[in-house]
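Residue strings, one per chain:
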Amino acid sequence: MNLPHHPPAITSLMPIAPRPDTLFVRGAGAWLYDAAGRRYLDWVQGWAVNCLGHSPQAIVDAVAAQAATLINPGPAFYNLPALALAEKLTANSGFDHVFFASSGAEANEGAIKLARKWGQLHKGGAHEIITFVDGFHGRTLATMSASGKPGWDTLFAPQVPGFPKARLNDISTVNRLISDKTVAVMLEPIQGEAGVIPASGDFLRQLRQLCDERQLLLIVDEVQTGIGRTGHLFAHTAHGIQPDIMTLGKGLGGGLPISALLATRAASCFAPGDQGGTYCGNPLVCAAGLAVLDTLLADGFLATCRQRGEQLAAALRALSAELGLGEVRGQGLLLALELGADCGPEVVTRARALGLLINAPRPHCLRLMPALNTTPEEIETGIAVLREAITDTRKTPT
Ligand SMILES: *Cc1c(COP(=O)(O)O)cnc(C)c1O
């Protein structure tokens, strides 16, 4: 068969994102291959989704075996992988109940619904959820409204009401928004799409205390930070807090579409009929989730992941000092490099031409999110290409 080397100039796909003229046809571990046979070191990994890299054996085997056994009995019946994955998630977290969905946005919609239900039952119909400027929670109408992304308040107006915005790491801005209509506070432990902006440990602990005092639910959106991304199974555990509700997505399926909403017994108040979905707890994607968790929970995996994160952060700091760039932020293998100028998109394009895939969540910074099982050598390779891409971009007059 004669494969095309490029996508056609005009396709039948809706133009929802500016896509480069590259057709990826194969992936293996840290590497993606295009139709012309060129390979790229992938530090995007499906937007921090492929936590074990491309087509890892553990997921390939688990999904193949499950596909041959049972793909879909339907969401209103029990299945073994869903039961096992829920057990494993609750056994390794401070939560008691799990609802599975297919995307991060859908898990967050579930969290919003759960908080509103809890407000009906326990707080006289309180329904407002305080969220944060520059936060990102997904692309459904409610999760866009919960997000604080500039411009999203008018795109697809009117918004879903009930999401007043506070400022990250400023507890007084949260305090000021609390009223008898407030039921919860919802945030990302590290704002990923905003450019990897961490909530401080002090701020998270202040929020926990405030929520306790005012009888509010604390919801952490760990769709990006969860499942080992920060070197911990969940980012919030590094700060010694126990939220009432947590959402997971991205890394949970290692590339397959599964997300989860977790709640403590006290917060878990859905009754039959309140929540559901055709693909919820589908055994095929749950089998992938089990393969991911088994790998991450194996002895030494997360400790090694933290070491790789330290290696990459140190290399980025050295590169920043060498080239006179800005701050290095983040935790584990969710890191950002400030460029000191709005040249992010050009660096991304140049790096791709040199064989490295990275992402610029904001024009002035780059985000690096390699697979969690990346090797020291791959990190050295990536840093060398990144140095070249930034140097080249600076030489080109814009
Ligand atoms: C990616 C992301 C989402 C949305 O997940 P989808 O699977 O794209 O719906 C929600 N919250 C955070 C923090 C994310 O990074």
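This is a predicted model, so every value here is computed, not measured. (Residues numbered from 1 in each chain as written. Predicted model: local features only at pLDDT ≥ 70, side-chain atom pairs only at ≥ 80, totals over all residues. Heavy atoms only, no water.)

Draft legend 1. Geometry of the overall build of the protein chain. The secondary structure content of the protein chain amounts to 11 helices and 17 strands. Each principal axis of the C-alpha distribution contributes one length, and for the protein chain these read about 60 × 55 × 45 Å. A buried classification covers 53% of the 398 residues belonging to the protein chain. Across the protein chain, every contact between residues at least 6 apart in sequence was considered, and the portion connecting residues at least 24 apart equals 71%. Total accessible area on the protein chain is roughly 17600 Å²; 56% of this is exposed by carbon and sulfur atoms. (Helix = DSSP H or I, 4+ residues; strand = E, 2+ residues; numbered from the N terminus. Buried < 20%, exposed > 50% of the residue type's maximum accessible area, 1.4 Å probe, protein only. Contact = heavy atoms within 4.5 Å. Areas by Shrake-Rupley, 256 points an atom, 1.4 Å probe, with all protein chains shown as cover.)

Draft legend 2. Quick peek at the pairing of strand β7 (residues 182–187). Judged by how many residues are buried, β7 sits mostly within the fold: 6 of 6 residues are covered. With 4 bridges connecting them, β7 and strand β10 (residues 217–221) associate as parallel partners. By the bridge assignment for β10, Ala184 is matched with Leu217. (Pairing = 2+ DSSP bridges.)

Draft legend 3. Inspection of the packing of helix α3 (residues 80–91) against helix α8 (residues 283–297) at higher detail. It is the contact of α3 with α8, at a shortest axis distance of 8 Å, that shows an interaxial angle of 35°. Note on packing geometry: the crossing formed by α3 with α8 is left-handed. Together, Pro81, Ala82, Ala84, Leu85, Lys88 and Leu89 of α3 and Pro283, Cys286, Ala287, Gly289, Leu290, Leu293, Asp294 and Leu297 of α8 make up the contact between the two elements. (Axes fitted to C-alpha atoms, helices over the stretch in contact; angles between N-to-C directions. Left-handed = near helix turned anticlockwise from the far one by under 90°.)

Draft legend 4. Fine view of the domain arrangement of the protein chain. When the domains of the protein chain are assigned, the result is domain 1 (24–56 + 300–395) and domain 2 (58–297). Between the C-alpha centres of domain 1 and domain 2 there is a distance of 26 Å. Taken residue by residue, the interface counts 28 residues in domain 1 and 31 residues in domain 2. Summing both sides of the interface, domain 1 and domain 2 together bury roughly 2500 Å²; the carbon and sulfur share of this comes to 60%. Among the residues domain 1 hides against domain 2, the three largest losses belong to Gln331, Leu334 and Arg362. Together they make up 25% of the total. (Domains from an automatic or database assignment. Buried area = accessible area lost by both parts, 1.4 Å probe.)

Draft legend 5. Fine view of the state of the cysteines. Going through the model one piece at a time under the given rule, you end up with 0 disulfides. Here Cys211 stays unpaired: no disulfide links it, and the sulfur of Cys269, its closest cysteine neighbor, is 16 Å away. The class for Cys211 is buried, based on a relative accessible area of 1%. Considering cysteine sulfurs only, Cys286 is the nearest to Cys280, which forms no disulfide, with 9.7 Å between them. (Disulfide = S-S within 2.5 Å.)

Draft legend 6. Focus on the layout of surface pockets. Roughly 790 Å³ of volume is contained in the second largest pocket. Considering the residues around the second largest pocket, the lining is formed by 31 residues, among which Tyr78, His97, Val98, Phe99 and Phe100 are closest to the centre. Contributions of two or more residues to the lining of the second largest pocket are made by α3, β4 (97–101) and β12 (259–263). If you tally residues by element for the lining of the second largest pocket, the top one is α3, at 5 residues. The residue inventory of the lining of the second largest pocket, partitioned by class, reads 18 nonpolar, 10 polar and 3 charged. (1 Å grid on protein atoms, 1.4 Å probe; cavity = no way out; pocket = protein on both sides within 12 Å on 5 of 7 lines; lining within 4 Å. Points joined across faces, edges and corners; volume = space filled by probe spheres on them. Nonpolar A, V, L, I, M, F, W, Y, C, P; charged D, E, K, R; others polar.)

Draft legend 7. Looking closely at the pattern of salt bridges. All chains considered together, the criterion is met by 15 salt bridges. For Lys88, the salt bridge identified is with Asp294, shortest N-O distance 2.5 Å. With a gap of 206 residues between them, Lys88 in helix α3 and Asp294 in helix α8 connect regions that are remote in the sequence. With a relative accessible area of 24%, Lys88 lands in the partly exposed category. For Glu338, the salt bridge identified is with Arg329, shortest N-O distance 3.0 Å. Overall, the relative accessible area of 16% leaves Glu338 in the buried class. (Salt bridge = Lys/Arg side-chain N within 4 Å of Asp/Glu carboxyl O.)

Draft legend 8. Up close: the sheet that holds β4. Strand order across the open sheet formed by 7 strands is β4-β12-β11-β10-β7-β5-β6, with mixed pairing between neighbours. Strands with a single pairing partner mark the edges of an open sheet, and in this sheet they are β4 and β6 (165–166). Pairing analysis gives 3 bridges linking β10 to strand β11 (residues 245–248), with the strands arranged parallel. Within β11, the position partnered with Val220 by the bridge is Met246. Sheet contacts for α3: β4, β11 and β12; angle to β4, the most-contacted strand, approximately 130°. Each of β4, β5 (128–132), β7, β10, β11 and β12 is contacted by helix α4 (residues 104–122), which is oriented at about 25° to β12, the strand it contacts most.

Draft legend 9. Structural context of unusual backbone geometry. Omega for the bond connecting Ala157 with Pro158 falls within 30 degrees of zero, at 0°, which places this linkage in the cis form. Tracing the backbone shows Pro158 in the loop between α5 (141–146) and β6. Here the phi dihedral of Ala48 falls at roughly 60°; this positive angle occurs in a residue that is not glycine. Secondary-structure assignment places Ala48 in helix α1 (residues 45–48).

Draft legend 10. Geometry of the pairing of β10. For β10, a buried count of 5 out of 5 residues is recorded, marking the element as mostly surrounded by other parts of the structure. The side-chain alternation of β10 yields two buried faces, one formed by Leu217, Ile219 and Asp221 and the other by Leu218 and Val220.

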